[in-house]
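Breakdown of the fold
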Amino acid sequence: MFRTILIIFFLLSAHKIFAQEFWMLPDKNNYQRGDTLKVRFNVGDSFIGETWNLRAERIESIVCSYAARTDDLTSKAIGGKGDHLKIPITAEGSYVVAMKGKNAYVELDAARFNSYLKENSLDDAINQRKKSGTTDKSGKEFYVRYTKLIVQSGQKLDEAYRHKFGLPLEFIPQKNPAVYKTGDIVKFTLLYEGKPLFGARAFVWNNKGGRVYSQPIYSQQDGSIEVRLFNNGPWMISVVKMVPSKEAGADWQSYWGTIVFEVK
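Before going into details, it helps to say that this report is about the structure given with it. (Residues numbered from 1 in each chain as written. Predicted model: local features only at pLDDT ≥ 70, side-chain atom pairs only at ≥ 80, totals over all residues. Heavy atoms only, no water.)

1. Some points on the packing of aromatic side chains
The geometry of two aromatic rings is summed up by the distance between their centres and the angle between their planes. The full count for this structure, using the stated rule, is 16 aromatic pairs. Centroid distance Tyr-180 to Phe-188: 6.3 Å. Interplanar angle 65 degrees. Geometry classified as edge-to-face. Given a relative accessible area of 1%, Tyr-180 falls into the buried group. When the ring centre of Tyr-192 is taken as reference, the NZ or CZ atom of Lys-241 above it lies at 5.3 Å. (Phe/Tyr/Trp six-rings, centres within 6.5 Å; stacked < 30°, edge-to-face > 60°. Buried < 20%, exposed > 50% of the residue type's maximum accessible area, 1.4 Å probe, protein only. Lys NZ or Arg CZ within 6 Å of the ring centre and 35° of its normal.)

Structure below.
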């Protein structure tokens, strides 16, 4: 059993110099047949952030899995800073929405890039920069974001939460989040290119009444992340994976993954 280190941040406590999480938030958590699930994409630090100004060219795909079916919602995304998705609730059970972004580029000066790597425990990149003598060079990086959202319709418990969307970086709950309650210890499996990812530092977030609690934790040999849910309300798990870029124009490729769910 591993030890969990709990660190609590309130409101806009500085978390990362460059890193900004990206996630989906619903207008509520539990829905009934006939409702409409309204989703906004948020971006920012500390699980607060602001509504993303959605542009279609930044999205690769948006997919929703529910009631043993999967719908492609990419063409139904609404641009701007309002509700980005409006999904009719037509069945009971879990609804899982997954968004895959497109690659983007950023360049940071050496000091900021090194701090960003350290704060995210991206040790492989840190060591490679040391070996190649490029620690004092700027960081040229491609990055891409993946995010998942799980909500519940009615009381029916099904297996939709297990659906794998084939994202390069993806969290899979080991139990249906609809049954989670405050005080539970829960597990998620973190996959990278379809295989369990060991040793990645993830952050587990809870936003309760505008106060944000953040818990850093490392994935185990089987890719599992185990956490105690000490509050109710919305929760998010986020992680960053960085590898050398295979494409010209940048030295590094990073993958950003999040999953959001609600605790009663």
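2. With respect to the pairing of strand β19 (residues 252-263)
Summarising burial for β19: eleven of the twelve residues are buried, a large majority. As defined by bridge partners, strand β11 (residues 139-153) adjoins β19 across nine bridges and the pair is classed as parallel. Note that in β19 the partner of Val-144 across the bridge is Tyr-255. Inspection of the sheet shows strand β18 (residues 233-244) paired to β19 by twelve bridges, in the antiparallel sense. (Helix = DSSP H or I, 4+ residues; strand = E, 2+ residues; numbered from the N terminus. Pairing = 2+ DSSP bridges.)

3. Digging into the layout of surface pockets
Counted as a void, the largest pocket has a volume near 220 Å³. Lining the largest pocket are 14 residues, with Ser-121, Asp-124, Gly-199, Ala-200 and Lys-241 sitting closest to its centre. When its residues are assigned to classes, the lining of the largest pocket shows seven nonpolar, three polar and four charged. (1 Å grid on protein atoms, 1.4 Å probe; cavity = no way out; pocket = protein on both sides within 12 Å on 5 of 7 lines; lining within 4 Å. Points joined across faces, edges and corners; volume = space filled by probe spheres on them. Nonpolar A, V, L, I, M, F, W, Y, C, P; charged D, E, K, R; others polar.)

4. A look at the packing of helix α1 (residues 110-119) against helix α2 (residues 123-131)
Where α1 contacts α2, the axes come no closer than 8 Å and their chain directions differ by 140 degrees. It follows from the interaxial angle that α1 and α2 lie oblique. Judged by the twist between their axes, the crossing of α1 over α2 is left-handed. Listed contacts from α2 to Ala-110, Phe-113, Asn-114, Leu-117 and Lys-118 of α1 are Ala-125, Ile-126 and Arg-129. For the contact of α1 with α2, the residue count by class is five nonpolar, one polar and two charged. (Axes fitted to C-alpha atoms, helices over the stretch in contact; angles between N-to-C directions. Parallel < 35°, antiparallel > 145°, perpendicular 65-115°, else oblique. Left-handed = near helix turned anticlockwise from the far one by under 90°. Contact = heavy atoms within 4.5 Å.)

5. Some thoughts on the pattern of salt bridges
Considering all chains together, one arrives at seven salt bridges under this definition. Where Arg-40 meets Asp-83, a salt bridge forms, and the shortest distance between an N and an O atom there is 3.0 Å. A residue pair is termed long-range when its members are at least 10 positions apart, and Arg-40 in strand β4 (residues 36-44) and Asp-83 in the loop between β7 (69-72) and β8 (85-88) qualify at 43 residues. For Arg-40, a relative accessible area of 32% corresponds to the partly exposed category. Between Asp-71 and Arg-69 there is a salt bridge, with its nearest N and O atoms 2.9 Å apart. (Salt bridge = Lys/Arg side-chain N within 4 Å of Asp/Glu carboxyl O.)

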